[in-house]
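Structural characterization, general
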Amino acid sequence: MCNMIIKRLGPDLVEDYLRFFDTEDHSDNIPEHKCYCVCWSSDDHRAGTEMMSTAEKRRTLARKYIENGMIKGYLAYEDDRVVGWCNANEKTSCRNCISWLRLMGSVENDTTKSIKVLSVFCFAIATDMRRRGIATKLLSHVCSESIREGYDVIEAYPRKNLKGADDFEGPLSMFLKCGFTIYKELPEMFLVRKSLV
C-alpha cells in the first residue's frame, strides 16, 4: 500500500470514478444493482425512482452529478488504479436525497444552524483490496481535509448489525479508531461524530 494516494473527486476524475464502478463487483454481485453512489446525491427525490431505475441510468446521473459537484468524496489509488471510494458530503446538501429519506429517517434532520457538518455516507473498496485498511486511510484523509475546509463536525452512520460486504457505511470500530464517539444510538445504527474544533 506504499503507492496509495488519495484524490478529491472532481470532473477531471469522472472517467476514473465510472471505471471503478463499472469494473468492480457490487456487494451482491448483481451488475444491474451497481449504485454509482448517486442515491446520496439526488437533486430530485420525487423523480428519483424512475431516474435511477437501471444501472445505466445511475451511471449517466453519476457523470452529471460529478460534473455539477453534487457527488463529493475521495478516490484512493494504488499506482494508476482506483481501489477505493468514500462518499463525504455536506449534510445539508443530502437530507432530501433518496437514500437519506429511505434509510435515515431516525437521524435528526436539523442540526444546529451554527455548525457545519460533513456526513460520511459510504465506502466502496475493490474486491481484491479489502481488509487492507483502505477505508480507514480514506476516513483519516477525510478528517484532515475537513479541518482545512472549515467543517466543525464529521458525522457517520454505521449499522449496529454488520451484514458483510453490504456494510457500505463502514464498521463502528473503524470510526472509534479514528476518534469518533457515539453521539446518538438509533434503532438500527449509531450516529457517530468527531468534533474538529
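First things first, this report covers the structure right here in the doc. Given the structure is predicted, the values throughout are model-derived calculations rather than measurements.

Parameters at a glance
- Residues numbered from 1 in each chain as written.
- Predicted model: local features only at pLDDT ≥ 70, side-chain atom pairs only at ≥ 80, totals over all residues.
- Heavy atoms only, no water.
- Helix = DSSP H or I, 4+ residues; strand = E, 2+ residues; numbered from the N terminus.
- Buried < 20%, exposed > 50% of the residue type's maximum accessible area, 1.4 Å probe, protein only.
- Contact = heavy atoms within 4.5 Å.
- Phe/Tyr/Trp six-rings, centres within 6.5 Å; stacked < 30°, edge-to-face > 60°.
- Lys NZ or Arg CZ within 6 Å of the ring centre and 35° of its normal.
- Pairing = 2+ DSSP bridges.
- Axes fitted to C-alpha atoms, helices over the stretch in contact; angles between N-to-C directions.
- Core = buried A, V, L, I, M, F, W, Y, C linked by side-chain atoms within 4.5 Å.

Here's the deal with the overall build of the protein
- Along the protein, the regular secondary structure elements total 6 helices and 7 strands.
- When the elements of the protein are put in sequence order from the N terminus, they spell out β-α-α-α-β-β-α-β-α-β-α-β-β.
- Relative to its full complement of 197 residues, the protein shows a buried share of 48%.
- For the protein, restricting intrachain contacts to residue pairs at least 6 apart in sequence, the fraction spanning at least 24 positions comes to 68%.

Thoughts on unusual backbone geometry
- In this structure, aspartate 79 takes a positive phi of about 55° despite not being glycine.
- If you trace the backbone, aspartate 79 turns up in the loop between strand E2 (73-78) and strand E3 (81-90).
- The phi dihedral of arginine 131 is positive, around 65°, even though this residue is not glycine.
- A relative accessible area of 87% means that arginine 131 is categorised as exposed.

Some words on the packing of aromatic side chains
- A complete count under the given rule lists 7 aromatic pairs for this structure.
- Centroid distance tyrosine 17 to phenylalanine 21: 4.9 Å. Interplanar angle 50°. Geometry classified as tilted. Taken as a pair, tyrosine 17 and phenylalanine 21 lie in helix H1 (residues 14-23) at a separation of 4 residues, close to a single helical turn.
- Taking the relative accessible area as the measure of exposure, phenylalanine 21 reaches 9% and is therefore buried.
- Between phenylalanine 175 and phenylalanine 180, the ring centres sit 5.3 Å apart and the planes meet at 75°, which makes this aromatic pair edge-to-face. As far as burial versus exposure is concerned, phenylalanine 175 and phenylalanine 180 are alike and both buried.
- Grouped by ring-pair contacts, the aromatic residues Tyr17, Phe20, Phe21, Tyr36 and Trp85 constitute a single cluster.
- Over the aromatic face of tyrosine 183 sits the side chain of arginine 193, whose NZ or CZ is 4.0 Å from the ring centroid.

Regarding the sheet that holds strand E6 (residues 181-185)
- Strand order across the open sheet formed by 7 strands is E1-E2-E3-E4-E5-E7-E6, with mixed pairing between neighbours. Looking along the sheet, the strands with just one partner apiece sit at the ends: strand E1 (4-8) and E6. Ignoring which end each strand starts from, the neighbouring axes of this sheet average 30° apart.
- The pairing of E1 with E2 spans 5 bridges and is antiparallel.

Regarding the nonpolar core
- Counting residues in hydrophobic clusters, the biggest one holds 53 residues, and the most contacted among them are Tyr17, Trp85 and Val120.
- Listed in part, the 5 residues of the second largest apolar core include Phe121, Tyr157, Leu186 and Met189.

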